[in-house]
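These are the residues of each chain, in order.
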Amino acid sequence: MMVAQLKIVPSLPKLKIDPEFQRLLPPLTPEARSQLKENLLTGDITPEIIVWKDQDIIIDGHHRYEICQQEDIEFNVLRLKFSDRSSVKKWMIKNQLGRRNLPPNLVSYFRGLIYNEQKGGDDQQVKGQNVPLTPTRAKTNTAEKLAAEHGVSAKTIKRDGKYAESVNAIADKAGIAPSAVTKNLTKKEVIELESQLPDLHPYEARTKASRIELRDKKRKNPAVGSLAMVKKDSEHPALVGHKGSHVRITEAGEFGATIQRGEQIIPDISYQFLLPVENKVYLKIDPILCAELLTKYSCLSDGVEDLIKQWSKKNEDIVNSKNP
């Protein structure tokens, strides 16, 4: 395979990435990113990055820019002039809507963003025409205008506006991109999850919005009574002091489990914070450690507990000699 000669233009300024603008764009799947990288390396496409003129902020081509920087690939820059950030976001959204094969939920989200953004501007337009201003008239004008542009009904546009507000609320609480919410949840699930947000910790919102467990078809809920280990990097506030510890699963639900360590019971722990521990690992543990585990963890599952008791009894002499 012939690879194009790669170089960087020395005079090209370093471009900026704005987190708010970047969140508007759906991330690439690993497969799509791999294909884009191959195309860039072989010269099959000409890299072009679109930026906000005078700001050097990327508004289209974040993935291309990242790959070009990593692989030293020369790229072109197209600078567009905008009056403010709102104008930039409108352009980015319309640019996305003009592309093919966008998922339906993402299309609804983008239409909703435009509707919510333009409602205020429509108020000003109505005022300038000396027409009696009412919220209903302003919203209807906006909805009807967008409906005609996108070939849907005004009611659909209004529903898209509410949907976009709900998606943004979930994304903000969960700390994930709105496009991830539109991808992982149905519209009905978005509405249901938004209603739960006031009572959810951010990690719970992130777990539900990401559907970490439900999207893993191979994962099964752990058996009640089985062992797990709390991950050392767990961020759940209730797991402070328990990181790296063995716990027992006392209840196993769809999104998380109730765990027990010693006498302490901790409910609603997401599976992302737990590592399963198979009973067979204890077959390789020496009898002294088995005895220590039995003493230290009253939370051990019955199967492991019986195993340790049997092992300790068989090696009673060893245990007694090393633990007088």
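Residues numbered from 1 in each chain as written. Predicted model: local features only at pLDDT ≥ 70, side-chain atom pairs only at ≥ 80, totals over all residues. Heavy atoms only, no water.

> How should I be thinking about the overall build of the protein chain in this particular structure?
Check the secondary structure of the protein chain and you find 13 helices and eight strands. Counting across all 324 residues of the protein chain, residues that qualify as buried make up 39%. Relative to all contacts within the protein chain whose residues are 6 or more apart in sequence, the contacts with residues 24 or more apart total 64%. In the form shown here, the protein chain has an accessible surface area of approximately 18,700 Å², with 51% of it arising from carbon and sulfur atoms. (Helix = DSSP H or I, 4+ residues; strand = E, 2+ residues; numbered from the N terminus. Buried < 20%, exposed > 50% of the residue type's maximum accessible area, 1.4 Å probe, protein only. Contact = heavy atoms within 4.5 Å. Areas by Shrake-Rupley, 256 points an atom, 1.4 Å probe, with all protein chains shown as cover.)

> I would appreciate a short explanation of the environment of valine 247 in the present structure.
Take valine 247: it is sitting in strand β5 (residues 246–252). Separated by 19 residues in sequence, valine 247 and isoleucine 266 place their C-alpha atoms 9.8 Å apart.

> I'm lost on the packing of aromatic side chains in this one. Help?
Ring pairs (aromatic) are described by centroid distance and by the angle formed between their planes. For the coordinates displayed, the defined rule picks out four aromatic pairs. Ring centres of phenylalanine 21 and tryptophan 52 lie 6.4 Å apart, and the angle between their planes is 55°; this geometry places the pair in the tilted category. With phenylalanine 21 in helix α1 (residues 19–23) and tryptophan 52 in strand β1 (residues 48–52), this residue pair connects regions lying 31 residues apart in the sequence. The class of tryptophan 52 is buried, set by a relative accessible area of 8%. Positioned over the ring face of tyrosine 163 is lysine 187, at 5.4 Å from the centre of the ring. (Phe/Tyr/Trp six-rings, centres within 6.5 Å; stacked < 30°, edge-to-face > 60°. Lys NZ or Arg CZ within 6 Å of the ring centre and 35° of its normal.)

> Explanation requested: the sheet that holds strand β3 (residues 76–80) in the structure shown.
Strands pair in a sheet through their backbones, by hydrogen bonds, and they do so in one of two ways: parallel or antiparallel. Spatially, three strands are ordered β2-β1-β3 in an open sheet, and the strand pairing comes out mixed. Every interior strand has two partners, whereas the edge strands, β2 (57–60) and β3, have only one. Along the sheet, successive strands turn relative to each other by an average axial angle of 45°, direction set aside. As paired elements, β1 and β3 share five bridges and run parallel to each other. When the bridges of β3 are listed, glutamate 48 appears paired with asparagine 76. In the packing of helix α4 (residues 85–97) onto the sheet, the strands contacted are β1, β2 and β3, and the crossing angle to β2 comes to about 30°. (Pairing = 2+ DSSP bridges. Axes fitted to C-alpha atoms, helices over the stretch in contact; angles between N-to-C directions.)

> Would you mind going over the pairing of β1 with me for this structure?
Counting buried positions along β1 gives four out of five residues, so the element sits mostly inside the fold. Alignment of β1 against β2, held across three bridges, turns out to be antiparallel. Pairing of tryptophan 52 across the sheet is with isoleucine 57, part of β2. Counting the residues between successive antiparallel strands, the hairpin from β1 to β2 contains four residues, one of them, aspartate 54, with a positive phi of roughly 75°.

> Just checking my understanding: could you explain the confidence of the model for the protein chain for this structure?
In low-pLDDT regions, the fine details of the predicted coordinates are not to be read closely. Model confidence for the protein chain is summarised by a mean pLDDT of 76, while 69% of its residues fall at 70 or above. Of the regions scoring below 50 in pLDDT, residues 123–131 engages in eight contacts with residues more than four places distant in sequence or in other chains. This model gives residues 212–219 a pLDDT under 50, and the stretch forms 16 contacts once residues within four places in sequence are excluded. (pLDDT = per-residue confidence, 0-100.)

> In this structure, what is going on with the pattern of salt bridges? I would like to understand it.
As a working rule, side chains carrying opposite charge can pair if their charged atoms are close by. One pass over the structure, following the stated rule, counts 11 salt bridges. The salt bridge partner of glutamate 66 is arginine 33, with a shortest N-O separation of 3.3 Å. Taken together, the residues glutamate 66 in helix α3 (residues 62–71) and arginine 33 in helix α2 (residues 30–42) connect sequence positions 33 residues apart. Taking relative accessible area as the criterion, glutamate 66 reaches 36% and is therefore assigned partly exposed. Since its relative accessible area comes to 23%, arginine 33 is described here as partly exposed. In this structure, the salt-bridge partner of lysine 37 is glutamate 71, at a minimum N-O distance of 3.2 Å. (Salt bridge = Lys/Arg side-chain N within 4 Å of Asp/Glu carboxyl O.)

> I'm lost on the pairing of strand β7 (residues 264–270) in this one. Help?
Each regular strand shows side chains that alternate between the opposite faces of the sheet. By the bridge criterion, five bridges tie strand β6 (residues 256–261) to β7 in an arrangement that is antiparallel. Bridging across to β7, arginine 261 finds its partner in glutamine 264. Hairpin remark: β6 followed by β7, antiparallel, with two residues in the connecting loop; positive phi at glycine 262, about 65°.

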